[in-house]
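Topology and contacts: notes
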There are 2 protein chains.
Amino acid sequence: MVEYDTPTLDAVFHALSDPTRRAMLHRLSTHERTVSELATPFNMSLAGASKHIKVLEAAGLVRRHVQGRTHICALQAVRLAEAQEWLRYYEQFWDERLDDLEDILRAEDRALADTAKHGPRKVPKSKPDTKE
Amino acid sequence: MVEYDTPTLDAVFHALSDPTRRAMLHRLSTHERTVSELATPFNMSLAGASKHIKVLEAAGLVRRHVQGRTHICALQAVRLAEAQEWLRYYEQFWDERLDDLEDILRAEDRALADTAKHGPRKVPKSKPDTKE
DNA sequence: TCTATATTAAACCTTATGGTTGAATATGAT
DNA sequence: ATCATATTCAACCATAAGGTTTAATATAGA
């Protein structure tokens, strides 16, 4: 069984919980950027943006290499892969839902086709109880 | 293009950034549980656990239905799907890395096979510059 | 009705977070 | 040397977060 590195996931998910930081990651996805380049689009002091970058760095989502007086930041996606792996376990549950949704839609289509000839439709399907 | 609901992602990622809450979700993945059932394994007051559940609920990750005096919580995975979708954009970047890693490993294998006959190996490959 | 159970609410505490401003540091250019 | 540029550091502030404890609320059962 996969053991998830909790502190890492804590840091990654926390880093992702802020829209500024998510936007920064997105901007890094096209190419590397310096701290000031990263900071520019946000209505925020440089120092503020710098802090966000450090959060990303601490979570392992950004790597930086200093070149003279400029710090160049690059996306480091591996930790995102870990987060996704954690999420992947839950795919079965939303797939389940989507399957149900598909069933419902199909049932509605059928009902709709029928409605022309007969009365209004009923609730399509009940899901089997998830029991212990 | 997909527009991501920022407040939702904020809440979901924030909810996931806490190990207690992730554990709760995991425990809900087998079957529904009452608040006290959910709280039991954690070294924490009921009120504390209750707060965590509310965070999960606010993020749309847990749904509850009240039955008499007990509140029954169930996993609601759809919001996790949204989070994963956000993450999926970045797959290309870690895949890239993994591809590189595979290239490197292959090159090392080749070099290793060669080393028996010839001299020591060289650096395998340089990656094309990611430029704007 | 009285009492036990399940859960939240409210008040409180400590620490983290997101932000600011004003130095400090380090490098580049003249 | 001097001045400008790139970035962080430190101190500060307001609010959020994670936790506690002690009521309060609601339902179940005797």
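Note that the structure is predicted; figures quoted are calculated from it, not measured.

**Brief notes about the pairing of strand 2 (residues 62-67) of chain A**
Residues and elements named next belong to chain A. Looking at chain direction, strand 2 and strand 3 (residues 70-75) are connected through 6 bridges and run antiparallel. Paired with valine 62 across the bridge in strand 3 is leucine 75. The antiparallel pairing of strand 2 with strand 3 creates a hairpin that spans 2 residues between the two strands, and glycine 68 there sits at a positive phi of about 65 degrees.

**What about the protein's contact with DNA strand D?**
In the region of DNA strand D, 22 residues are neighbours, and Ser36, Ser50 and Arg64 of chain A together with Lys51 and His52 of chain B sit closest. Atoms of DNA strand D within 4 Å of the protein: sugar and phosphate make up 72%, bases the balance. With respect to DNA strand D, the side chain of serine 50 of chain A contributes an N or O atom lying 2.5 Å from a phosphate oxygen. In the model, a phosphate oxygen of DNA strand D is placed 2.9 Å from a nitrogen or oxygen of the histidine 71 of chain A main chain. Broken down by secondary-structure element, the contributors of at least two residues to the surface near DNA strand D are helix 3 (35-39), helix 4 (46-58) and strand 3 of chain A together with helix 4 (46-58) of chain B. Class assignment for the residues of the surface near DNA strand D results in 5 nonpolar, 10 polar and 7 charged.

**Here we look at the confidence of the model for chain A**
On average, residues of chain A score 82 in pLDDT, and 70% of them reach the 70 mark or higher. Confidence drops under a pLDDT of 50 for residues 117-132 of chain A, and excluding neighbours within four residues, the segment shows 11 contacts in the predicted structure.

**Quick word on the relation of the copies chain A and chain B**
Two copies of a chain can be linked by a rotation about an axis combined with a shift along that same axis. Superposing chain A onto chain B requires a rotation of 180 degrees together with a translation of 0.0 Å along the rotation axis, leaving an RMSD of 0.0 Å. Given the turn and translation reported, the copies of this chain are related as if by a two-fold rotation axis. Here 100% of the contact residues of chain A are again contact residues in chain B; the copies associate through an equivalent surface.

**What to know about the protein's contact with DNA strand C**
Neighbouring DNA strand C are 22 residues; Lys51 and His52 of chain A together with Ser36, Ser50 and Arg64 of chain B lie closest to it. Backbone sugar and phosphate groups make up 72% of those atoms of DNA strand C lying within 4 Å of the protein. At 3.4 Å, a backbone N or O of valine 35 of chain B approaches a phosphate oxygen of DNA strand C. For the surface near DNA strand C, the secondary-structure elements that each account for two or more residues are helix 4 of chain A together with helix 3 (35-39), helix 4 and strand 3 (70-75) of chain B. Of the residues that constitute the surface near DNA strand C, the class distribution is 5 nonpolar, 10 polar and 7 charged.

**As for the environment of proline 19 of chain A**
For proline 19 of chain A, the position within the fold is in helix 2 (residues 19-28). If near-sequence neighbours (up to four positions away) are discounted, proline 19 of chain A is found in contact with Thr6 and Asp10 of chain B.

**Some remarks on the interface of chain A and chain B**
Counting residues at the interface gives 34 residues for chain A and 34 residues for chain B. Together, the buried faces of chain A and chain B total about 3100 Å²; carbon and sulfur atoms form 67% of this surface. It is Arg22, Gln84 and Trp94 of chain A in chain A that bury the most area against chain B; as a group they hold 20% of the surface buried on that side. Linking chain A with chain B are 2 salt bridges, by the criterion used here. Aspartate 10 of chain A is the salt-bridge partner of arginine 22 of chain B, the closest N and O atoms lying 2.8 Å from each other. Inspection of the chain A/chain B interface yields 10 residue pairs in polar contact (both at pLDDT 80 or more).

**Some remarks on the packing of helix 2 of chain A against helix 4 of chain A**
Residue and element names in this part refer to chain A. Across the interface, helix 2 lies against helix 4 with an axial gap of 10 Å and an inter-helix angle of 75 degrees. As judged from the angle between their axes, helix 2 and helix 4 are roughly perpendicular. Between helix 2, through Thr20, Arg21, Met24 and Leu25, and helix 4, the contact on the second element is made entirely by Ala49, His52, Ile53, Val55 and Leu56. For the contact of helix 2 with helix 4, a count of residues per class yields 6 nonpolar, 2 polar and 1 charged.

**Structural notes on the packing of aromatic side chains**
Centre-to-centre distance and the angle between the planes together describe a pair of aromatic rings. For the coordinates displayed, the defined rule picks out 11 aromatic pairs over all chains. Their ring planes at 25 degrees and their centres at 6.0 Å tell us that phenylalanine 13 of chain A and phenylalanine 13 of chain B sit as a pair that is stacked. Taken together, the residues phenylalanine 13 of chain A in helix 1 (residues 6-16) and phenylalanine 13 of chain B in helix 1 (residues 6-16) connect one chain to another. Residue classification places phenylalanine 13 of chain A among the buried residues on the basis of a relative accessible area of 0%. With 4.8 Å between their ring centres and 85 degrees between their planes, tyrosine 89 of chain A and tyrosine 90 of chain A make a pair best called edge-to-face. Linked through ring pairs, Phe13, Trp86, Tyr89, Tyr90 and Phe93 of chain A together with Phe13, Trp86, Tyr89, Tyr90 and Phe93 of chain B together constitute an aromatic cluster.

What counts as what
- Residues numbered from 1 in each chain as written.
- Chains lettered and ligands numbered in written order.
- Predicted model: local features only at pLDDT ≥ 70, side-chain atom pairs only at ≥ 80, totals over all residues.
- Heavy atoms only, no water.
- Pairing = 2+ DSSP bridges.
- Helix = DSSP H or I, 4+ residues; strand = E, 2+ residues; numbered from the N terminus.
- Near = heavy atom within 4 Å.
- Polar contact = N/O pair within 3.5 Å; in protein donor to acceptor, adjacent residues only side chain to side chain.
- Nonpolar A, V, L, I, M, F, W, Y, C, P; charged D, E, K, R; others polar.
- pLDDT = per-residue confidence, 0-100.
- Contact = heavy atoms within 4.5 Å.
- Least-squares fit on C-alpha atoms with pLDDT ≥ 70 in both.
- Buried area = accessible area lost by both parts, 1.4 Å probe.
- Salt bridge = Lys/Arg side-chain N within 4 Å of Asp/Glu carboxyl O.
- Axes fitted to C-alpha atoms, helices over the stretch in contact; angles between N-to-C directions.
- Parallel < 35°, antiparallel > 145°, perpendicular 65-115°, else oblique.
- Phe/Tyr/Trp six-rings, centres within 6.5 Å; stacked < 30°, edge-to-face > 60°.
- Buried < 20%, exposed > 50% of the residue type's maximum accessible area, 1.4 Å probe, protein only.

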